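The primary structure of each chain is shown beneath.
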Amino acid sequence: MNRMILLRVIGICAAILLALHAAMAFYGDFVRPDFRASDLFSGEIPPEKAKLAAGGALASFSLDGDLLANYAAAKAADVLHRPAVDADGRASENKAAQAAVVSALKVSPIRPALWLTLGTLQAQAGEAATPAVKMSYLTGSVPIDVAFARVRTVTSGAAATDEEIKLLAQSDIRSALANRSRYEPLLIAAYVQATPQGKSLLLDTTKMTDPKFNEILRRY
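Residues numbered from 1 in each chain as written. Predicted model: local features only at pLDDT ≥ 70, side-chain atom pairs only at ≥ 80, totals over all residues. Heavy atoms only, no water.

1. Digging into the side chain of aspartate 145
With respect to the secondary-structure elements, aspartate 145 resides in helix α8 (residues 144-155). Among the polar contacts listed, one links the side chain of aspartate 145 to the side chain of tyrosine 183, at a separation of 2.6 Å. Beyond its immediate sequence surroundings of up to four residues, aspartate 145 is in contact with Phe41, Ser42, Arg182 and Tyr183. (Helix = DSSP H or I, 4+ residues; strand = E, 2+ residues; numbered from the N terminus. Polar contact = N/O pair within 3.5 Å; in protein donor to acceptor, adjacent residues only side chain to side chain. Contact = heavy atoms within 4.5 Å.)

So this is what it looks like as structure tokens:
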């Protein structure tokens, strides 16, 4: 008799857990920000703060990799596109966004654009971004918009001093040069804002790939 009661209790608990899981999955699909890390680098507008807050409430205890990644990307975009007015507020928002990105990557690490998002936040905060940028190369391919954003991140910071990243970044630069009509002014802007090491990387790569564009860069 006691065994039957125990089995019934276990059955009821299992049913409750399954129902809760189903409800959370339904709610997650409803509040999940329709925003990916790659959207951050293609000019997409981040979700409204109300939807972002709803996604954050679920992300705080969810293990859904897509939900966590989308929420982290949306939060990072909100920080980068709608920064707080005061320096303390910007620093606090940046740390919170980094924490969301790290939480997502712990659950689902094979997300190159999200690794670049982390590196972008770290660079904005004046922190070392080289490890995160390197992971963005090592975890898979990215769309051209993300590749060019990575060029800007590499050439404007300390990542341009890392020999492995310099080799990997050459493919991003060549991809941008293959779409030169679209990216020429952006590559010039990246060169103007680059560190001395970043300028050297751009000049060395364009010299091999597009000598005419290399001559244009040398004018700046």
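2. Digging into the packing of α8 against helix α10 (residues 180-193)
Two measures define how a pair of helices packs: the angle their axes make with one another and the distance between the axes. Where α8 meets α10, the axes come as close as 10 Å, and the angle between the chain directions of the two elements is 15°. The angle between the axes of α8 and α10 places the two elements in the roughly parallel class. Classified by chirality, the crossing of α10 by α8 is right-handed. Residue-level contacts link Ile144, Asp145, Phe148, Arg152 and Thr155 of α8 to Arg182, Tyr183, Leu186, Leu187 and Ala190 of α10. By residue class, the composition of the contact of α8 with α10 is 6 nonpolar, 1 polar and 3 charged. (Axes fitted to C-alpha atoms, helices over the stretch in contact; angles between N-to-C directions. Parallel < 35°, antiparallel > 145°, perpendicular 65-115°, else oblique. Left-handed = near helix turned anticlockwise from the far one by under 90°. Nonpolar A, V, L, I, M, F, W, Y, C, P; charged D, E, K, R; others polar.)

3. A look at the side chain of threonine 139
Within the secondary structure, threonine 139 sits in the loop between α7 (130-138) and α8. A polar atom in the side chain of threonine 139 sits 2.7 Å from the backbone oxygen of methionine 135. Beyond its immediate stretch of four places on either side in the chain, threonine 139 contacts Pro109, Ile110, Arg111, Pro112 and Trp115.

4. Side note on the environment of serine 141
Mapped onto the elements, serine 141 comes out in the loop between α7 and α8. Assessed through its relative accessible area of 72%, serine 141 is described here as exposed. Spatially, the C-alpha atoms of serine 141 and arginine 111 are 9.3 Å apart, while their sequence positions differ by 30 residues. (Buried < 20%, exposed > 50% of the residue type's maximum accessible area, 1.4 Å probe, protein only.)

5. Looking at the packing of aromatic side chains
Under the defined criterion, the tally for this structure stands at 1 aromatic pair. With centroids separated by 5.2 Å and ring planes inclined at 40°, the aromatic side chains of phenylalanine 148 and tyrosine 183 adopt a geometry described as tilted. Taken as a pair, phenylalanine 148 in helix α8 and tyrosine 183 in helix α10 lie far apart in primary sequence, 35 residues in all. Classification of phenylalanine 148 as buried rests on a relative accessible area of 2%. A residue is classified by how much of its surface remains accessible, and tyrosine 183, at 2% relative accessible area, is buried. Its end group placed over the ring of tyrosine 137, arginine 150 keeps NZ or CZ at 3.7 Å from the ring centre. (Phe/Tyr/Trp six-rings, centres within 6.5 Å; stacked < 30°, edge-to-face > 60°. Lys NZ or Arg CZ within 6 Å of the ring centre and 35° of its normal.)

6. Observations concerning helix α11 (residues 196-209)
With 14 residues, α11 should cover 20 Å at 1.5 Å per step; its first-to-last C-alpha distance of 20 Å lies within 8% of that length. Inspection of α11 places Gly198, Leu201, Leu202, Leu203, Thr205 and Thr206 among the buried residues, and these make up the whole buried set. Against the buried residues of α11 lie α8, α9 (163-178), α10 and α12 (211-217). (Expected span 1.5 Å × (residues − 1).)

7. Here we look at the nonpolar core
In terms of nonpolar packing, the biggest core is built from 29 residues, with Val101 and Leu114 touching the most fellow members. At the level of elements, α2 (37-40), α4 (65-81), α5 (87-107), α6 (112-124) and α8 are the ones that each hand at least two residues to this core. At 9 residues, the largest contribution of residues to this core is made by α4. With near-sequence residues (within four places) excluded, valine 101 lies in contact with Ala72, Leu114, Thr117, Leu118 and Leu121. Counting 24 residues, the second largest nonpolar core, distinct from the first, contains Ala160, Leu177, Ala190 and Leu217. (Core = buried A, V, L, I, M, F, W, Y, C linked by side-chain atoms within 4.5 Å.)

8. A look at the packing of α7 against α8
Close contact between α7 and α8 brings their axes to 11 Å; oriented N to C, the two are set at 150°. Judged by the angle between their axes, α7 and α8 are roughly antiparallel. Considering how the two elements wind past one another, α7 and α8 form a crossing that is left-handed. Here Val133, Ser136 and Tyr137 of α7 come into contact with α8, specifically with Arg150, Thr153 and Val154.

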